[in-house]
Amino acid sequence: MILLFVVAVFLFTVFIGVPLVWAILITAVLPIMVFDLGYPLQALYLNFIGGVEPNHFIAIPLFIVAGELMSRGGVGERIITFSRALLSFLPGGLGMVVVGASMLFGGISGSAIADSAAIGSVMIKNMAKQGYKPAFAAGLVAAAGTIGIIIPPSIPMLIYGFVGGVSVADLFLAGTLPGLLFGLLFMGVCYRVGKASGCDAGGVMTPAPDLWRAFVGTIPALMMPVLIIGGIFSGFVTPTEAAAVAVIYGLLVTMLIYRDFHLRDLPRLMIDAFVTSAIVMVVIGATSVLGWLITLEQMPYVLVDAVQSLSSSPWVFLLLVNIVMLVLGLVLDPVPAILLTAPLFLPMAQTFGVDPVHLGVIMTCNVAIGLFTPPVGATLYVASRISGVGVLGIARHMGLLYLAAIFALILVTYVPALSMTLPRLF
Amino acid sequence: MDFRPFYPAGLRALSSAIDGLLALGGFSILILAFSNATLRGLAGFDLAWSLEVTAFLLLWTTFLGCAAAIARGAHMRVTEISATLLNAGARNILEHVINLVIALLILSLIWHGWSIAAHQWAQKTTVLYWPVGLLYAAMPVGMALSLIFHLFNMWLHFRGTDIAGDTQA
Amino acid sequence: AGAADAQSILKFSHTDNPGGSRDQAAKVFAEKVEEYTEGRYKVRIFPACQLGNDPKAIEQLQLGGVDFTVSATGSYATHMPSLNLTAMPFLVDSYEQGWAFYDSSEWLQGEFAKMPEKGIRVLSTWEAGFRSFTTTFPLNSPADAEGKKMRVFPNDMIRWTMEAIGFQTVVMPVTDVYLAIQQGTVHGQENPVDTIVSLKFAEVAPNLTLTRHVYSPLPLTVAESTWGKLSDTDKAAIQKAAAESSAFSRKLVADLVSAQIEQLEADGTTIITPDIGPFRDAVASVYDKAREVYGAEVVDRVLADAAAIRAAH
Ligand code: NA
Ligand code: NA
């Protein structure tokens, strides 16, 4: 009853145009008053503060600043020149650059939001310049950024491992192939879109000397991910600090090498980045307010009861896990979605003989998809902010990406070897 | 839908002051994270208080940024559906109602947010012994500033000021 | 759920995994509360940080969002700084001494008695064991700590202790620790064995050194606002349930730890039982530092309480 009310209020407020942060908060407050639930509002609102408090969120504004710096004339031009030179023979080559870069960033950061912010602020403009629809470019950034939580390291997998008592090392290994699968399928979508729309049709081979020149010009920019990966894997910096290092490096490159940025422009850049990240973060905070109410009222149990009464085989069980997770993913972020459901699904998985590591990968893929489905999806918001295209406007151009993601999800769900081969090898 | 060009001088000054604090907070976070990484990497020295200060800065820049976003009319929203289903007059009335509800919600956030900060004033952070309420006050203060901008935006809308560029989501 | 329902359901928040030792004790507590209050109160358990991490759960006690929580003594110290003194190294050596310290130290009972003013009431103390190290290198004596980075949670006493042993300290939230060890940002962490097992730290830092440097149990607390609404009969019933769940938790963890250490060893972890003497000598300066910050009188009183208990048990 309350669950239906919550869903109705949420959809209604969002669709009549209440800004998301307030719509989510109204959805959390209204049931407490209507059903006289007796939860003090000050206790409810503490989650608004707690939701934006975690230190790793600092990576969001910093990666936005780093990305903005790197997307200035010099760097952006050179990256696009080099990428085109490298991939111009393939239809959709520029889109593939987005996917490849997202997988590269995903291999270092563990946060899909930071990935989308870093890639999106460089690539959306460039894709639009190439002739892609800005909505598709934004959608691709939103979808590709989520590969970051499937490929290790991954914050949602860490949390699943902690909650479920499952080996984190195994989970990380298990996520690698599924992450590559999502990436390949997204690249396939780029191939198809580039070819069909004709904006990025491929077929042009670049002469070797031009390719070399383009490469040399891009080295300072390409050093940035190298610096980030190197810094994190050598243990010098945490992923959050890597974002700060990236900003300082970006400043040095754009001021000293490419000479297209002045220190006096930095405050404006900083302000824009922090307003952008604040817009995303207050929505994340509001989501954790709603998540608190959803947890207290034990609404996920209603869904899980339904699963239990319907399922009779592991196949049906996994199908229902996917449906429940996809539905929750519409309105919840990965961490609360996993916290709410992992303790409920794990014992059920055992009765159906599903490996807990495999279940963790399936759930992670689901919450990753939830990040780019409207109405609530963090990478979708980031891409929307950067591109200036509305969330629904983006989603309308993501049909093929959703199709690719669902196809990948089905493979991950019903081919356990995709997840389990690597953990069994090592 | 940037409202700032329509603001009187005082309100514009307030908006610029918030922007200044955001830039300052942003620089501090950047310098702090960078120097902590450098110090630890090169000198084997970790600033024990850096986590606490960044948490403080993160909370304050987030909620001040929320107010700055209201002045810019930049909060994410879905306007496509009401634009398709409703005519201009109905949309106008709906906008007034939504604005009023948001104002009430922000008021409740200020009121209870203040109570949260007051309750946690006696709690001290673990390294610098700052009042935890000082961190949490970011929410009611940010919301109070948000309310100021929101009320003036409401007034602009009520007067029918033509604010160009209907951005969405 | 109507208003009447909401009143009879009490919310218990903890950060342990479902099935973990804290979760088991919470279930015992919940059963006993329902039994002894003759069904007037039901306790609903929210495990695994569902309602917030340790600091947030304690704040929720004060704001009326949560009725019960159980958390390390150090988590309450932000509200009651003197509780940091329980984290002074090597105060007690055995479970029996630790139990006696928490149940009968006059100083500690006095501090607990002041907590209702802060909106928090201590009902009993559950077990979590002693803190020990897992490291990427073999830690046999303080000499091995030199030049190595140790993760600490944000707590002065622990940080001073680590620095006195010879580590460089890195303050870090617990959720980042596994990755940080794997990537080499830090070379180890220290926690009770039960926590080490549930957070899988031995996977990335396969040397367990049993220093047992701090006894670190978990006070079970109730929101003072909730407590004030209970009848005397129900207060007594809940107090009884708290005492029995404490006995359950102490036996459970004490029995569990040796089995957990055996399992870790079977899984390839090197178990090191070091000579404690050099560690004890290394941390002598921590007591002086505590005297500077908290005053010599109270520090000496805590040390004296602990010494008396060590002598008696
Ligand atoms: Na990743
Ligand atoms: Na979603």
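Thresholds applied
- Residues numbered from 1 in each chain as written.
- Chains lettered and ligands numbered in written order.
- Predicted model: local features only at pLDDT ≥ 70, side-chain atom pairs only at ≥ 80, totals over all residues.
- Heavy atoms only, no water.
- Helix = DSSP H or I, 4+ residues; strand = E, 2+ residues; numbered from the N terminus.
- Rg over C-alpha atoms; globule rule 2.2 N^0.38 Å.
- Buried < 20%, exposed > 50% of the residue type's maximum accessible area, 1.4 Å probe, protein only.
- Contact = heavy atoms within 4.5 Å.
- Expected span 1.5 Å × (residues − 1).
- Buried area = accessible area lost by both parts, 1.4 Å probe.
- Salt bridge = Lys/Arg side-chain N within 4 Å of Asp/Glu carboxyl O.
- Polar contact = N/O pair within 3.5 Å; in protein donor to acceptor, adjacent residues only side chain to side chain.
- Pairing = 2+ DSSP bridges.
- Axes fitted to C-alpha atoms, helices over the stretch in contact; angles between N-to-C directions.
- Patch = residues over 30% accessible without salt bridge, like charges linked within 9 Å, V, L, I, M, F, W, Y side chains within 5 Å.
- Areas by Shrake-Rupley, 256 points an atom, 1.4 Å probe, with all protein chains shown as cover.
- Right-handed = clockwise from strand over helix to strand, strands pointing away.
- Core = buried A, V, L, I, M, F, W, Y, C linked by side-chain atoms within 4.5 Å.
- Phe/Tyr/Trp six-rings, centres within 6.5 Å; stacked < 30°, edge-to-face > 60°.
- Parallel < 35°, antiparallel > 145°, perpendicular 65-115°, else oblique.
- Left-handed = near helix turned anticlockwise from the far one by under 90°.
- Nonpolar A, V, L, I, M, F, W, Y, C, P; charged D, E, K, R; others polar.

Some remarks on the overall build of chain C
Here's step 1: Secondary structure assignment for chain C yields 15 helices and eleven strands.
Here's step 2: Relative to the globule expectation of 20 Å for 313 residues, the C-alpha radius of gyration of chain C, 20 Å, shows essentially globular dimensions.
Here's step 3: A principal-axis box enclosing the C-alpha atoms of chain C has dimensions of 60 × 45 × 35 Å.
Here's step 4: Looking at chain C as a whole, 59% of its 313 residues qualify as buried.
Here's step 5: Within chain C, residue pairs in contact and separated by at least 24 positions form 76% of the contacts whose partners lie at least 6 positions apart.

Concerning helix α2 (residues 20–34) of chain A
Residues and elements named next belong to chain A.
Here's step 1: Over its 15 residues, α2 extends 21 Å from the first C-alpha to the last, a length consistent with the 21 Å expected when each residue adds 1.5 Å.
Here's step 2: The element α2 is largely enclosed, with a buried count of twelve among its 15 residues.
Here's step 3: Among all positions of α2, only Leu20, Val21, Trp22, Ala23, Ile24, Leu25, Ile26, Thr27, Ala28, Val29, Pro31 and Ile32 are buried.
Here's step 4: Positioned one or two residues after α2, Asp36 has a phi angle of 50°, which is positive.

Topic: the interface of chain B and chain A
Here's step 1: The interface is formed by 52 residues belonging to chain B together with 54 residues belonging to chain A.
Here's step 2: Carbon and sulfur atoms supply 78% of the area buried between chain B and chain A, which totals about 4900 Å² over both sides.
Here's step 3: Looking at the side of chain B facing chain A, the largest losses of area belong to Leu30, Leu58 and Met76 of chain B, adding up to 15% of the total buried there.
Here's step 4: Taken together, the connections running from chain B to chain A amount to zero salt bridges.
Here's step 5: Summed over the shared surface of chain B and chain A, the result is five residue pairs in polar contact (both at pLDDT 80 or more).

Focus on the pattern of salt bridges
Here's step 1: In total, this model carries 22 salt bridges over all chains according to the counting rule given.
Here's step 2: Across the pair Glu38 of chain C and Arg40 of chain C runs a salt bridge, and its minimum N-O distance is 3.3 Å.
Here's step 3: Take Arg40 of chain C: its relative accessible area is 36%, and that puts it in the partly exposed class.
Here's step 4: Here the salt bridges share partners, and the residues they tie into one network are Asp2, Arg4, Asp19 and Arg72 of chain B.

Some details on the sheet that holds strand β2 (residues 42–46) of chain C
Residue and element names in this part refer to chain C.
Here's step 1: Spatial strand order, β2-β1-β3-β10-β4: five strands in an open sheet with mixed pairing. Sheet topology places β2 and β4 (120–126) at the edges, where each strand pairs with a single neighbour. Neighbouring strand axes in the sheet, compared pairwise and without regard to direction, differ in orientation by 25° on average.
Here's step 2: Bridge count between β4 and strand β10 (residues 218–223): six bridges; the pairing is antiparallel. Considered in β10, the bridge of Thr125 is made with Pro219.
Here's step 3: Sitting on the sheet, helix α2 (residues 21–36) touches β1 (9–13), β2, β3 (68–70), β4 and β10, and the angle it makes with β2 is about 165°.
Here's step 4: Of the strands in this sheet, β1, β3, β4 and β10 are in contact with helix α12 (residues 232–266), which crosses β4 at around 35°.

Re a nonpolar patch on the surface
All names here are of chain A.
Here's step 1: Side chains of Trp212, Val216, Ile219, Met223 and Val226 sit close together on the surface and give an oily, nonpolar patch of about 460 Å² of accessible area.
Here's step 2: By the element assignment, Trp212 lies in helix α11 (residues 208–233).
Here's step 3: For Trp212, a relative accessible area of 57% translates into the label exposed.

Points about the interface of chain B and chain C
Here's step 1: The interface of chain B with chain C comprises 16 residues on the first partner and 20 residues on the second.
Here's step 2: Here chain B and chain C share an interface that buries about 1600 Å² over both sides, 53% of which is from carbon and sulfur atoms.
Here's step 3: Of all residues in chain B, Arg40, Gln123 and Thr126 of chain B give up the largest surface area on contact with chain C, accounting jointly for 29% of the area buried on that side.
Here's step 4: If you look at where chain B meets chain C, you find zero salt bridges.
Here's step 5: Across the chain B-chain C interface, the total number found is eight residue pairs in polar contact (both at pLDDT 80 or more).
Here's step 6: Taken together, the elements giving at least two residues each to the side of chain B that touches chain C come down to α4 (88–119) and α5 (132–136) of chain B.

Description of the pairing of β2 of chain C
All names here are of chain C.
Here's step 1: Note that β1 and β2 share five bridges and pair parallel. Bridge pairing in β2 places Ile9 opposite Lys42.
Here's step 2: With α2 bridging β1 and its parallel neighbour β2, the resulting β-α-β unit is right-handed.

Remarks on helix α18 (residues 378–387) of chain A
Here's step 1: Burial analysis of α18 of chain A places eight of its ten residues in the buried class, which makes it a mostly covered element.
Here's step 2: Check the buried side of α18 of chain A and you find it contacts α2, α7 (112–130), α8 (134–145), α13 (266–296) and α19 (391–396) of chain A.

As for unusual backbone geometry
Here's step 1: At the junction of Pro374 of chain A and Pro375 of chain A, the peptide bond is cis and its omega measures out at 0° in the coordinates.
Here's step 2: Inspection of the secondary structure assignment puts Pro375 of chain A in the loop between α17 (356–370) and α18.
Here's step 3: Backbone geometry at Glu38 of chain C places phi at a positive 50°, although glycine is not the residue there.
Here's step 4: For Glu38 of chain C, the location among the structural elements is in the loop between α2 and β2.

Side note on the nonpolar core
Soluble, globular proteins show a tendency: their nonpolar side chains are buried together.
Here's step 1: By size, the foremost hydrophobic cluster in this structure holds 293 residues, and its most contacted members are Trp22 and Phe48 of chain A.
Here's step 2: In terms of residues, this core owes the most to one element, α13 of chain A, which gives 20 residues.
Here's step 3: Setting aside residues no more than four positions away along its own chain, Phe48 of chain A makes contact with Val21, Leu25, Val282, Gly285, Ala286 and Val289 of chain A together with Phe63, Leu109, Met139 and Met143 of chain B.
Here's step 4: Grouped together as the second largest cluster of nonpolar side chains are 23 residues, Phe12, Tyr41, Leu123 and Leu230 of chain C included.

As for the packing of aromatic side chains
Here the distance between the centres and the angle between the planes together describe a pair of aromatic rings.
Here's step 1: Within the structure shown, the criterion is met by 26 aromatic pairs over all chains.
Here's step 2: With 4.5 Å between their ring centres and 15° between their planes, Trp315 of chain A and Tyr414 of chain A make a pair best called stacked. Taken together, the positions of Trp315 of chain A in helix α15 (residues 314–331) and Tyr414 of chain A in helix α20 (residues 399–414) put the pair 99 residues apart, joining distant regions of the chain.
Here's step 3: Taken together, a centroid distance of 5.1 Å and an interplanar angle of 50° make the contact between Phe130 of chain C and Tyr215 of chain C tilted. Pair noted here: Phe130 of chain C is in strand β5 (residues 130–135) and Tyr215 of chain C is in strand β9 (residues 207–215), with a separation of 85 residues, a long-range link. Here Phe130 of chain C and Tyr215 of chain C have matching classes, each one buried.

As for the packing of α7 of chain A against α18 of chain A
For any two helices packed against each other, the geometry is given by the interaxial angle and the distance between the axes.
Residues and elements named next belong to chain A.
Here's step 1: At their nearest, the axes of α7 and α18 sit 9 Å apart, and the two run at 25° to each other. In this view, α7 runs roughly parallel relative to α18, as classed from their interaxial angle. Once α7 is placed against α18, the crossing between them reads as right-handed. Here Ala112, Ile113, Ser116, Ala117, Gly120, Ser121 and Ile124 of α7 come into contact with α18, specifically with Ala378, Thr379, Val382, Ala383, Ile386 and Ser387.
Here's step 2: Tallied by class, the residues present in the contact of α7 with α18 amount to eight nonpolar, five polar and no charged.

Everything listed here is a matter of coordinates, which is why it stays silent on function.
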